[in-house]
Amino acid sequence: GDSVTQMEGPVTLSEEAFLTINCTYTATGYPSLFWYVQYPGEGLQLLLKATKADDKGSNKGFEATYRKETTSFHLEKGSVQVSDSAVYFCALSTGNQFYFGTGTSLTVIP
Amino acid sequence: DTAVSQTPKYLVTQMGNDKSIKCEQNLGHDTMYWYKQDSKKFLKIMFSYNNKELIINETVPNRFSPKSPDKAHLNLHINSLELGDSAVYFCASSQDGALRAFFGQGTRLTVV
């Protein structure tokens, strides 16, 4: 069945470091892909999305490219900030069903 | 083996009805959650519950109530359904204190 696998973490980085959080997926058909971010004590906010192969989603300095050949949607940011500390969830949607990864905790230290 | 399962996947019902959405997790986790996904795909936390504490988001109407018959289940009951309750509802679980969570596939509720 459809599923999403993301790196477990936790990930700890120094401010201004480069961030990659890996996400791969398994799906029949052509899913849409998402990254969500959850700040402490809050719900999940949509960070970015891509709806077809080779699309790049971007927001707040974060980017992810929909790679059909490698079934991946890795999240990247060139220079992280302390305020980026949160839990990041990769997800895919096929029609009305959503499949979430289990989340990767990111801590950015000054 | 589905870690977190919700039933039903789709639910269409009339205004004023009372309905329930069931959630079960087989991971042995201590904490379970209910989220509501809005039209902008934001997942708003409604409840979190473990065997010690129920935390309710104060913005959730009291028509919504979680019920946990045991540690592996957290069902969502909704009374007097309104059109604005139409949304996708997600159940999730985590080990108490952990940041990672396992989500169900969602239940699309449509109130007509």
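The shown structure was predicted, so the numbers you read here are calculated from the model rather than taken from an experiment.

K.L.:
Explain the sheet that holds strand β8 (residues 62–65) of chain A here, please?
P.N.:
By definition, the strands of a sheet pair up through backbone hydrogen bonds, in either a parallel or an antiparallel sense. All names here are of chain A. Pairing is antiparallel across the open sheet formed by 4 strands, whose spatial order is β3-β9-β8-β7. At either end of the open sheet lies a strand with only one pairing partner, and these are β3 (19–21) and β7 (56–59). Across the sheet, the axes of successive neighbouring strands diverge by a mean angle of 15 degrees, strand direction being ignored. Here β7 pairs with β8 via 4 bridges, running antiparallel. Paired with Gly57 across the bridge in β8 is Ala64.

K.L.:
Help me understand the nonpolar core, please; the structure alone is not making it clear to me.
P.N.:
For soluble globular proteins, the rule of thumb is that nonpolar side chains tend to be buried together. Grouped together as the largest cluster of nonpolar side chains are 27 residues, with contacts concentrated most on A:Leu19, A:Trp35, A:Leu47, A:Leu48, A:Phe73, A:Leu75 and A:Tyr88. Residue assignment for this core shows that the elements contributing at least two residues are β2 (11–14), β3, β4 (23–26), β5 (32–38), β6 (44–50), β8, β10 (86–94) and β12 (104–109) of chain A. If you tally residues by element for this core, the top one is β10(A), at 4 residues. Among the nonpolar cores identified, the runner-up in size contains 19 residues, and B:Phe47, B:Val60, B:Tyr89 and B:Leu109 belong to it.

K.L.:
Whenever I open this one, the side chain of B:Asn75 confuses me. Can you help?
P.N.:
All names here are of chain B. Considering the arrangement of structural elements, one finds Asn75 in strand β8 (residues 75–78). With a relative accessible area of 13%, Asn75 lands in the buried category. A distance of 3.2 Å separates a polar atom in the side chain of Asn75 from the backbone nitrogen of Cys23. Setting aside anything within four residues of it in sequence, one finds Asn75 in contact with Ile21, Lys22, Cys23, Trp34, Ser65, Pro66, Lys67 and Pro69.

K.L.:
Help me out: how do you make sense of the state of the cysteines in this one?
P.N.:
In protein chemistry, a disulfide is the covalent bond that joins the sulfur atoms of two cysteines. Residue and element names in this part refer to chain A. For the structure on display, the rule yields 2 disulfides over all chains. The disulfide bridge from Cys23 ends at Cys90, spanning 1.9 Å between sulfur atoms. Residues Cys23 and Cys90 are joined by a disulfide whose S-S torsion is about -70 degrees; by sign, that bridge is left-handed. Of this pair, Cys23 sits in strand β4 while Cys90 sits in strand β10, and the two are 67 residues apart along the sequence. Here the two residues Cys23 and Cys90 agree in accessibility, since each one is buried.

K.L.:
Looking at this structure, I do not really get the interface of chain A and chain B. What am I missing?
P.N.:
In many reports, interface size means the accessible area that the parts give up when they come together. With 18 residues of chain A in contact, the opposing surface of chain B contributes 18 residues. Carbon and sulfur atoms make up 56% of the surface buried where chain A meets chain B, a total of about 1,700 Å² over both sides. At the boundary of chain A and chain B, one finds 0 salt bridges. Between chain A and chain B we count 5 residue pairs in polar contact (both at pLDDT 80 or more) in total. Those elements that place two or more of their residues in the side of chain A that touches chain B are β5, β6, β10 and β11 (97–100) of chain A. At 4 residues, β11(A) tops the list of elements feeding residues into the side of chain A that touches chain B. Class assignment for the residues of the side of chain A that touches chain B results in 8 nonpolar, 9 polar and 1 charged.

Here is what the cut-offs are and how they apply
- Residues numbered from 1 in each chain as written.
- Chains lettered and ligands numbered in written order.
- Predicted model: local features only at pLDDT ≥ 70, side-chain atom pairs only at ≥ 80, totals over all residues.
- Heavy atoms only, no water.
- Pairing = 2+ DSSP bridges.
- Helix = DSSP H or I, 4+ residues; strand = E, 2+ residues; numbered from the N terminus.
- Axes fitted to C-alpha atoms, helices over the stretch in contact; angles between N-to-C directions.
- Core = buried A, V, L, I, M, F, W, Y, C linked by side-chain atoms within 4.5 Å.
- Buried < 20%, exposed > 50% of the residue type's maximum accessible area, 1.4 Å probe, protein only.
- Polar contact = N/O pair within 3.5 Å; in protein donor to acceptor, adjacent residues only side chain to side chain.
- Contact = heavy atoms within 4.5 Å.
- Disulfide = S-S within 2.5 Å.
- Buried area = accessible area lost by both parts, 1.4 Å probe.
- Salt bridge = Lys/Arg side-chain N within 4 Å of Asp/Glu carboxyl O.
- Nonpolar A, V, L, I, M, F, W, Y, C, P; charged D, E, K, R; others polar.

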